[in-house]
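Structural overview
What follows is the residue order along each chain.
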Amino acid sequence: MRILHICYRMIISKELFGIKLTKIGERNGQKRKDTSYMCSKEYIPLKFAELMTVLDVPAEDEEKLRDILTKLCIEGKIYITKKGRYMSIEGENSTVVGKLSCNAKGFFGFVICDDENESDIFVSGDDMGDAINGDRVIVHIDDNDNAKGHRQGHITKVLERGNKVIVGVIYKEKERYFYVRPDNRKIYSKIIIAQSDAMTAQMGDRVAVQITRYSDKKKIFGEVISVLGQQESLKVALRVLY
């Protein structure tokens, strides 16, 4: 641990995590130093508390460090593993960041890369994990030239959710649950609604649902925030469109 600490201090200056930490958001150079260490050979994937210790960050600067790491995650420079460890994606040519755009008529989509110089990556529905249309994701490239001439890969991490509210038609799911089938056919998953979260919605009503949770088993949970009316109503359809 002592060696790791020394290596880190050689790359990141004291002021980065010290008194001048408040200026980190304005200094992209310092962010680059942060991620360059995380993708260096000396770096061992660490949890937040371990980073606090290795960097010798004072308790009063804990939230500032957390903000820095959160911003780097949103920017797609680093990500958190399932075990809560921070990893960098820089230096990995087989991993890129982009926005998932699904096909409305099939069970597949493309990740539109953040880097405009990168070509889109084909992802089958089975390789999307818990990502849905509009999410910003990390995708691992498995094939640089598939049968149709596309790069192809699988999604390893969702960095940012692209949907907070989804409109769809509500149906009954057993005795205790409802589910909503999204109007947007690019969203393949149905949203599970507890009976207590369905408001006054009845079978066949078109509703607006706020997503409350994504589960590890690719299930999406939500709550009805507005009942728009019966799905066949022209008035309801116009409300959805406009």
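What counts and what doesn't
Residues numbered from 1 in each chain as written. Predicted model: local features only at pLDDT ≥ 70, side-chain atom pairs only at ≥ 80, totals over all residues. Heavy atoms only, no water. Phe/Tyr/Trp six-rings, centres within 6.5 Å; stacked < 30°, edge-to-face > 60°. Lys NZ or Arg CZ within 6 Å of the ring centre and 35° of its normal. 1 Å grid on protein atoms, 1.4 Å probe; cavity = no way out; pocket = protein on both sides within 12 Å on 5 of 7 lines; lining within 4 Å. Points joined across faces, edges and corners; volume = space filled by probe spheres on them. Helix = DSSP H or I, 4+ residues; strand = E, 2+ residues; numbered from the N terminus. Expected span 1.5 Å × (residues − 1). Buried < 20%, exposed > 50% of the residue type's maximum accessible area, 1.4 Å probe, protein only. Arc of directions from axis to C-beta. Pairing = 2+ DSSP bridges. Axes fitted to C-alpha atoms, helices over the stretch in contact; angles between N-to-C directions. Core = buried A, V, L, I, M, F, W, Y, C linked by side-chain atoms within 4.5 Å.

1. Quick notes on the packing of aromatic side chains
The final tally for this structure, using the stated rule, is five aromatic pairs. Its end group placed over the ring of Phe-48, Arg-66 keeps NZ or CZ at 4.0 Å from the ring centre. One residue, Arg-181, lies across the ring of Tyr-171, its end atom 4.8 Å from the ring centre.

2. Description of the layout of surface pockets
Taken as a whole, the largest pocket spans an internal volume of roughly 450 Å³. Lining the largest pocket are 17 residues; nearest its centre among them are Lys-82, Asp-130, Thr-156, Lys-157 and Val-158. At the level of elements, strand 2 (78–80) and strand 8 (151–160) are the ones that each hand at least two residues to the lining of the largest pocket. Looking at the lining of the largest pocket, the element that brings in the most residues is strand 8, giving six residues.

3. Examining helix 4 (residues 62–74)
Spacing of three or four residues puts side chains on the same side of an α-helix, whose turn is 3.6 residues. Its 13 residues give helix 4 an end-to-end C-alpha distance of 19 Å, which sits within 8% of 18 Å, the value for a rise of 1.5 Å per residue. Taken as a whole, helix 4 has its buried residues at Leu-65, Ile-68, Leu-69, Leu-72 and Cys-73. For helix 4, the angular spread of the buried residues around the axis is 135 degrees, confining them to a single face. Positive backbone phi, at 80 degrees, marks Gly-76, one or two positions downstream of helix 4.

4. Section: the sheet that holds strand 7 (residues 136–143)
If you trace the five strands once around the closed barrel, you get 4-5-6-8-7, paired in mixed fashion. Taking the axes of each pair of neighbouring strands and ignoring which way they run, one obtains an average angle of 50 degrees across the sheet. Here strand 7 pairs with strand 8 via seven bridges, running antiparallel. Considered in strand 8, the bridge of His-140 is made with His-154.

5. With respect to the nonpolar core
Residues Ile-170, Val-180, Ile-191, Ile-193, Val-207 and Val-209 are the most contacted members of the largest nonpolar core, which totals 16 residues. Those elements that place two or more of their residues in this core are strand 9 (165–173), strand 10 (177–182), strand 11 (191–194), strand 12 (205–214) and strand 13 (220–230).

6. Considerations on the sheet that holds strand 11
Strand order in the closed barrel formed by five strands is 9-10-11-13-12, and the pairing between neighbours is mixed. Sheet twist, expressed as the mean angle between neighbouring strand axes with direction ignored, is 50 degrees. Bridging between strand 9 and strand 10 involves six bridges; their strand directions are antiparallel. Within strand 10, the position partnered with Val-169 by the bridge is Arg-181.

Note that all results are geometric; they support no functional claim without further evidence.
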